[in-house]
Every structure is written in C-alpha cells, then in structure tokens.
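Descriptive analysis of the structure
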Amino acid sequence: MATLDVHHHIDTHDHDDHGHEHHHGNFWTTYIFSEDHKVIAKQFLLTGMAWALIGGVLSVLFRLQLGFPEANLSWLKPILGGWLTAEGKIDPEFYLALVTMHGTIMVFFVLTAGLSGTFSNFLIPLQIGARDMASGFMNMLSYWFFFLSSVIMFISLFISTGPAAGGWVIYPPLSALPQAIPGSGLGMTLWLVSMALFIVSSLLGSINYITTVINMRTVGMSFAKLPLTIWAFFLTAVIGILSFPVLFAAALLLIFDRSFGTSFYLSDIYIGGEALPNQGGSPILFQHLFWFLGHPEVYIVLLPALGITSEIIATNSRKPIFGYKAMVGSMLGIAILSFVVWAHHMFVTGMNPFLGSVFTLLTLIIAVPSAVKIFNYVTTLWKGNIRFTPAMLFSIGLVSFFLTGGITGLFLGNSAVDIQLHDTYFVVAHFHLVMGSASFFGMMAGVYHWFPKMFGRMMDEKLGYLHFWLTFIGVYLVFFPMHYIGIAGFPRRYYSWTAFETFSGFADLNMLVSIAAIITLAAQFVFLFNFIYHIFRGKLAPANPWNSTTLEWTTPRLPGHGNWPGEIPTVYRWPYDYSKPGSKEDFIPQHIPYSETPESNLPHENDQIKLDLGGAGVGGHKH
Amino acid sequence: MNEAVDFKIVEAPAKPISMNPKKFGMWLFIASVMMLFMSLTSAYIVRQAEGNWLYFELPTLFMISCGVIIASSVSMQLGYWAAKKDQFNKVKNYVAVTTVLGFVFLALQYLGWKDMISNSIYLVGNPSGSFIYILTGLHGLHIMSAIVYLLIVLNSAAKLKISSSNMTQMEMCTTYWHFLGLLWLYLFVFLTLLR
Ligand code: HEM
Ligand SMILES: [Cu+2]
C-alpha cells in the first residue's frame, strides 16, 4: 500500500508543476469543453440564469390567468400561438403545463444545478486550496449532461401536445397515462428522459464535490477550519448522492408503466367507462419514492444558500460567525433528519394516523436545527460593524424568508392542521418563501459577492440596492397574501375560481399578487443589466475587495488554470478571524500563521507556536 | 524576548489525510448504486404490504448464478493478489476468468428470465413479477458495465501496465466487482425471503 500512496503523491506533484502552464488552449477547450472548475461554474451559472428567466416568464403567464381571469390575452398570440383559446385566454391544459414546467425548472434547473453547480464548482477548489476538482473530466461531463437535459426539457416546451403537465411532482396515474391529459404524452416522456440525464449530471457533480472536499484540501485545512460554505456544499452533495438515485428508481418504474405496460403504480383505472388492463399497482408507492427524494431535495436547494449566507454575513458584519460548531452541527442534523420526514407531504393519502403522528414529531424536530441557524445569523449580525453590500442585503433577505417560511412549516407539519391546509395556497406560500425565495436570494447574494473573483470586475452597488429592494418587497407582496388565500381554502393548481361564488372575494388579492409578480420579474432585468454590463465594463476588482479571510481571495484578480500562480497557500487558522481583539486589521486571512500575529493571538493559539530556540536545522519545515 | 535572534518559530500545520480521489469516487458511486437498489427493494416491501401479490417460485437458475458470481469474485481477488506480487501472467488469466464468469452470470440471468416466462411470469403483469425483471435487469446492466471495466483492465494487464506499484485501476475494478457480487447475493436473499 505504501508504494501506492507514493505513486499518487507523485501524480499530484506533477500536476502542480504544470498547473499554470496550461494556458495554450483554443476557444473550444478554454470556454466550451473546459475542464477548469471556474469555467464550468460559469457555464452552470449562465445556463441557470437562462432557465431562471424562462421559469420566471412562465410564472407570470399563469399569474396573468389567476389575477386577471377575464382579460383578453390575444396580444400574447405571437408567443403562445395555439395555446390561447378563441376568447384570448390561456388554454386550461396549457395552464397546468405552465405550472408544472415552472416548478420543475425552478427546483431542479435553477436552484439545484444553477446554485450547487455554480458555487460548489467555483468555491470548493478555491476555498479548500486545490488546483481543480478531483476529476476535471467528470466535472465537464456533469455540465454537459446537464446541458443535454436542459435542451430536452426546452424542446418539450414547444411540442404540439405541450410539455409535462402533471405537476412538478408528476404523480401517477395522471402522469402515467397519455390518455389522461395531453401533457402526459410525449411531453412527459421528454420530462423523464431529461430528468434521468439531470440525475446523472447531479451524481457526477456530487461525487466530484465530496471527493474533492475530502481528499484535496491544502496543508492545514482540517475539517474544523473549513469555511461554512464548503461544509454546506459538502453535505448537499452527500444528500444528493443518497437521494437522487431514489428519484431515478421512481422515474424508472414510471417509465416502465408508461412505455412497457407494467403496473407498478396503476390499478383499477377506468377511462371512458373502459377498464385498463393494469392491475395491482399502487400510486401511493410513487409518492413514497418521490418524496423520499423530494424532501431531501428541498434541502439540496437550501443548504448551499445557507452556506453562502454564513460566509457573507460573517464577512460583512466583520465578526466571527456565531457558533461555528453549532452551524456545522445543525447542517448535519438537517441533512440526516431530511431523510426521515418525507411522509409529511402525504398526510392526507390515507396514511395510518399513528404513523402521521410519528412523522409530525420528526418534522417538528427538523425545525430545531433550522431555528439554531437563524439564531446564529442574527447573533452574528448583532452589534456587528455591518457593511450593507448588495450581497449582504440579499443574505439578510434570505434569513428573513427562511424565518417567515419556516414558521408556516410548523403549521403544515402538524398532521391534523395539514388536513385543512394541504394542497392549498398556504403550502405554495410556505415553500416559495422558505425554499424558492430564500435559495434564490442565497444565489443572488453569491453572485454579487463572488462576481469580482469570477469576472475580475465589480458590479454596481446602486443597481444592486434597487434590485434588492424591488425583489424583497415584491416577494413578500407575492407570497404573503397567499397565506390568506390558502387558509380561505383556495386549492393550488386550479385554472380558475370564478366559477365558485365563495372565492370571488379574493379576486382583488389575486390581482395584487399578479401585479407584484410582474414587477418582481421586471426587477430581475435590473440585475441582468448590472451583471452583463459589468462583466465587460465594470471597474477592475482588487484581489480581495471585501477584506475577506478565505483562500479564494489570495488568488490573483482573475485566477488562471490552477488557481494560484505559485504554491498553494497553507492554512493556519479558521476562516472567521474578523475584528480579532489586538489585531491591526479587522480581518486575518486563513493563510497567515499565528507566529505573524502575536499581538492578537489567544493563549491557546500561542501554545501552537512552538519556540525552537537555536535549532536552525530542525525547523526548516515552514511552508 | 525581542533580542533573541537565533530562535525560529515553527508552526507545522498538518497535511489533511487523503485517499486516492479516484478510489474514493468509486466508493461514492457504489453508495449511489446501493441507494438505487435500496429504494427499489423498499418499494417492493411497501408494494407487497398492500396485498394483491402474486406468489411464484424464484427460478432455481438464480441459485446457480449466486455460485458463479462468488466464483468470479474469488478469481478477481486472486488476480488482485497476483498483481500485488507482480505476477503479470496470473493477473491476465484471473481477470480473463472473471470476465468469462461474468458472461456466464449474464447468460444464467437470461435463462432465469426465460424460465419465468415459461411459467407465464411476464414483465407486464402483477408487480411481484415485474419487480424481479427490473431488479435483475438493472443489476445485469451494472454487471455489463463492470465487464466493460474488466475488459479495460484486461487490456492494461496485457500491456503489463498493472503491477504492485500501479494498482489503482485493478483495485477499483476489484472493489466494483465484489460490490456487484454482494449486491446480487443481497437481492437473491431478499427475493427468496420476501416472496
Ligand atoms: C421548519 C421546518 C419545515 C417544516 C416543519 C416543513 C413542513 C412542511 C410540510 C408539512 C409540507 C407539506 C404541506 C402539504 O403539502 O400539505 C411542506 C411542504 C413543502 N416544503 Fe416545507 N417545511 C419546513 C421547511 C422547509 C424548507 C427549509 C424547505 C425548502 C428549503 C421546504 C420546502 C417545502 C416544499 C418545496 C414543499 C411543497 C412541495 C409541494 O407540495 O409541491 N420546507 N413543508
Ligand atoms: Cu418536506
């Protein structure tokens, strides 16, 4: 075995030497089929942003229907074509497709691939001190599987029977039977193919992230010194590896039911008075499989955003993060618990009430680590020397959404209360605040914060503030009223309520929501301009614009292939030495040894510096 | 203190323990494959508990394929040990034997399917049968991927690229092969006990 390890060591050493000589690639190998983690991160970011735009436009389309049910939308004919009825309204079938695609796109393509793909790729090697991911090739493959999956999902938007329309959760039998709705035909097939590729991409990515974090850390970077971002990306990848195969299994059985006539999910179904041959299947089985992925998936979406927030809040409060160990512990707790609460999505499927109580209990327990995280964010901010950069505002926005959205989770988690609230707009409000908006804000915070390292230039702060306030207020205006609409009993995924006298009272509220949604979408163009313009025209960024402590800021303005032109820095301290008493500066980067900061060392840190009087030869070990 | 010219400050951060990234990645891949089969067998249990479950005997050929897969694991392990001792010819032979046994295993699974078909257990029908086709089929696909891997290793062995100082590929392939063997034994026991 010893020989083996030596061999491996030589491998990496080799790589180090050549690390910064790899510049001579042509356009294709540098920007398209690149194996450099930074380029791949940008590819994920740009694709994710394109998807966010598409997903946002889809949501405004169905909000038009919900807010203005009587309006004539024939001016949308050039875009929607045959999906408008003769009276200029959105086709009810297409409405379902819009909701489905919006959900799928946002959850998987934007907030999973766009978020994890961008920031895990960009930050893991830079923050742990590695030249690149463990396998650049697999990393590239991961992006291209995602790209292929994106192309297929995109094509499905344009086929004549329309894209999948059974909801992002694709419950059978609706999704299993092409006779059920037009969207369950070719559209659903493309959805499944696309998602299968997506799962492959996600697994390739996750395997790489975990391997890199565990095996490629620089000297001194112990687990206790990892930035919380890395902890978050790491645990996200672990959840991904354990849960995405389950979605794959669910989808596989569904594919067999759809295309080969098996009956895993189908039984006793009559269509037009005719019985289908399928016997013995169970649609509830699908829900178990789906939500065994589905609930961990919501944390796959959220954890990276929480990690990014930890980093940004500590940096911009100029304070060490409060309760580093508690933060790691709660993320670990969330990661584990997220696998044992899935049935809270199934309280009304006829589940045994005792089992319901068990899942209620487990669900309420997961609120504890979530609350710990919120507490720690607030205590980090407390009496901090706060700098309100756009990234900081978005991070604080995340904390706000995580709180308001998390609280409604406690209501939904009670199986008895959920009987009333299940499948109403209350659920929609809950998860859009806690997952959708919180993660989106985390992603935005990350873009504003790391833009200088990604593109070597600065974004405009004023436009950032405008973007933040419009989006922050917009999000609350969109989702807060939905709580009331939900408590009043409005079911989700309904095309129209005008037929019910009871619900007519909320027409104005729905109109408000729709107007707010349009304004919120419009505000994203402020960001888009800010982003694109400043990639080319922004003022040049300093190497460490936020006076931050982590390793990525020790690289040059635009790190090349291999990240550090010279040796990889060694890590001596944790990443949160902000405003350390006695220190000259209000931050001490991770690569500064304690021996250089005697004025601010704590007693136990001084103990780590061994004084080696006179022994010149022995100590030649300093990296 | 400040006039001490000849002291040197030594602060030696430890190098984090690390493993070969490729081998580590293989373990993670194995974990995800395991989750895939765990979820399918859990689905089996959940579905079975709901009743309307067709009982039939598992093809006896599956028992033979258990023997074959164990034999193939033995030969793979012997190949691994041979590689560690730089016995190049033995490596080649053992890997070749493993590959052949892999094909035999696939053939047995296929015959097992034919057995089920002749007993009127089809893919389409009661889920108790469909599950078996899915589980064995999916496992078979993984065996095929492992056979491709074996052929790659065989190629390296023929070029004498596998030796005690260059074991990564051999080690990863051995791990994967043992895992798939164990996975089949698990599936077999599972399917035998939960009819
Ligand atoms: C305080 C902790 C939380 C609790 C107790 C909780 C509880 C629940 C419950 C019981 C439901 C099912 C409601 C129903 O369908 O009737 C639900 C739905 C949902 N939750 Fe949470 N939740 C919590 C936090 C979160 C977080 C942090 C996220 C995401 C990051 C999230 C995302 C979702 C999503 C996406 C749905 C709806 C899925 C759908 O039906 O389309 N929840 N939550
Ligand atoms: Cu959940």
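Since the model is a prediction, treat every value here as computed from it, not as a measurement. (Residues numbered from 1 in each chain as written. Chains lettered and ligands numbered in written order. Predicted model: local features only at pLDDT ≥ 70, side-chain atom pairs only at ≥ 80, totals over all residues. Heavy atoms only, no water.)

Structural notes on the overall build of chain A
- Helix and strand counts for chain A stand at 17 helices and three strands.
- Taking 2.2 N^0.38 as the reference for a compact globule, 623 residues should give roughly 25 Å; the C-alpha atoms of chain A span a radius of gyration of 26 Å, in line with that estimate.
- Over its C-alpha atoms, taken along the principal directions, chain A stretches across nearly 95 × 55 × 55 Å.
- In chain A, the share of contacts with a sequence separation of at least 24, taken over all contacts with a separation of at least 6, comes to 78%.
- Surface summary for chain A: the accessible area is close to 23,700 Å², and the carbon and sulfur share equals 70%. (Helix = DSSP H or I, 4+ residues; strand = E, 2+ residues; numbered from the N terminus. Rg over C-alpha atoms; globule rule 2.2 N^0.38 Å. Contact = heavy atoms within 4.5 Å. Areas by Shrake-Rupley, 256 points an atom, 1.4 Å probe, with all protein chains shown as cover.)

Quick notes on the overall build of chain B
- Along the backbone of chain B there are five helices and one strand.
- Ordered by position from N to C terminus, the α and β elements of chain B give β-α-α-α-α-α.
- At 23 Å, chain B has a C-alpha radius of gyration far larger than the 16 Å of a compact globule built from 195 residues.
- Across its three principal axes, chain B shows a C-alpha extent of roughly 90 × 45 × 20 Å.
- The buried share of chain B, taken over its 195 residues, is 52%. (Buried < 20%, exposed > 50% of the residue type's maximum accessible area, 1.4 Å probe, protein only.)

A word on the coordination of the copper ion (ligand 2)
All names here are of chain A.
- Ligation of the copper ion (ligand 2) by protein atoms is provided by His295 (ND1), His344 (NE2) and His345 (NE2), these donors lying 1.8 to 2.0 Å from the ion.
- Mapped onto the polypeptide sequence, the residues donating to the copper ion (ligand 2) form the spacing pattern H-x48-H-H.
- If you look at the copper ion (ligand 2) and the iron atom of ligand 1, they sit 4.5 Å from each other. Placement of the pair is His295 in helix α9 (residues 283-317) and His345 in the loop between α10 (324-337) and α11 (353-381), with a sequence separation of 50 residues.
- What makes His345 partly exposed here is its relative accessible area of 22%. (Donors = N, O, S within 2.8 Å, 3.2 Å for Na, K, Ca; no water.)

Side note on the domain arrangement of chain A
All names here are of chain A.
- The domains assigned to chain A are domain 1 (2-537) and domain 2 (551-622).
- One C-alpha centre belongs to domain 1, the other to domain 2; they are set 37 Å apart.
- Every contact between the two is made by 41 residues of domain 1 and, on the other side, 30 residues of domain 2.
- Of the roughly 2,900 Å² buried at the junction of domain 1 and domain 2 (both faces included), carbon and sulfur atoms supply 55%.
- The largest contributions to the domain 1 side of the interface with domain 2 come from Arg131, Arg318 and Lys453, which together make up 26% of the buried area.
- Our enumeration of links across domain 1 and domain 2 arrives at one salt bridge.
- As a salt-bridge pair, Arg318 and Asp586 come within 2.9 Å of each other at their nearest N and O atoms.
- Where the side of domain 1 that touches domain 2 is concerned, the elements lending two or more residues are α3 (37-67), α5 (92-128), α9 and α14 (425-455).
- With six residues, α14 is the single largest residue contributor to the side of domain 1 that touches domain 2.
- Grouping the amino acids of the side of domain 1 that touches domain 2 by side-chain chemistry returns 19 nonpolar, 12 polar and 10 charged. (Domains from an automatic or database assignment. Buried area = accessible area lost by both parts, 1.4 Å probe. Salt bridge = Lys/Arg side-chain N within 4 Å of Asp/Glu carboxyl O. Nonpolar A, V, L, I, M, F, W, Y, C, P; charged D, E, K, R; others polar.)

Focus on the interface of chain A and chain B
- Contacts between the two partners involve 59 residues from chain A, matched on the other side by 48 residues from chain B.
- A combined buried area of about 4,300 Å² lies between chain A and chain B, and 70% of that area is made up of carbon and sulfur atoms.
- Taken together, the connections running from chain A to chain B amount to zero salt bridges.
- A per-element tally of the side of chain A that touches chain B places helix α8 (residues 228-259) of chain A first, with nine residues.
- Split by residue class, the side of chain A that touches chain B holds 33 nonpolar, 22 polar and four charged.

Side note on the layout of surface pockets
Residues and elements named next belong to chain A.
- Counted as a void, the second largest pocket has a volume near 950 Å³.
- Mapped onto the lining of the second largest pocket, the elements with two or more residues apiece are α9, α11, α12 (390-413) and α14.
- With eight residues, the top contributor of residues to the lining of the second largest pocket is α12. (1 Å grid on protein atoms, 1.4 Å probe; cavity = no way out; pocket = protein on both sides within 12 Å on 5 of 7 lines; lining within 4 Å. Points joined across faces, edges and corners; volume = space filled by probe spheres on them.)

Structural notes on the confidence of the model for chain A
All names here are of chain A.
- Confidence along chain A averages 90 in pLDDT terms, with 94% of residues attaining 70 or more.
- Averaged pLDDT values for the elements of chain A fall to 36 in helix α1 (residues 2-18) and rise to 97 in α14.
- For residues 1-23, every residue scores under 50 in pLDDT, and the model assigns this stretch 24 contacts once sequence neighbours within four places are set aside.
- Segment residues 612-623 is flagged for pLDDT under 50; beyond a separation of four residues in sequence, or across chains, it makes 18 contacts in the model. (pLDDT = per-residue confidence, 0-100.)

As for the packing of aromatic side chains
- For the structure shown, the criterion picks out 74 aromatic pairs over all chains.
- Positioned over the ring face of Phe223 of chain A is Arg217 of chain A, at 4.2 Å from the centre of the ring.
- Lying across the ring of Phe56 of chain B, Arg195 of chain B places its NZ or CZ 4.7 Å from the centre. (Phe/Tyr/Trp six-rings, centres within 6.5 Å; stacked < 30°, edge-to-face > 60°. Lys NZ or Arg CZ within 6 Å of the ring centre and 35° of its normal.)

A short note on the site of ligand 1
Residue and element names in this part refer to chain A.
- Of all residues adjacent to ligand 1, which total 23 residues, the nearest are Trp168, Asp418, His422, His430 and Arg492.
- The side chain of Trp168 places a nitrogen or oxygen atom 2.9 Å from an oxygen atom of ligand 1.
- With respect to ligand 1, the side chain of Asp418 contributes an N or O atom lying 2.5 Å from an oxygen atom.
- When atoms are counted within 2 Å of each cavity's grid points, the one that captures over half of ligand 1 is the second largest pocket.
- Secondary structure elements with two or more residues in the shell around ligand 1: α9, α11, α12 and α14. (Near = heavy atom within 4 Å. Polar contact = N/O pair within 3.5 Å; in protein donor to acceptor, adjacent residues only side chain to side chain. Sits in = over half its atoms within 2 Å of the grid points.)

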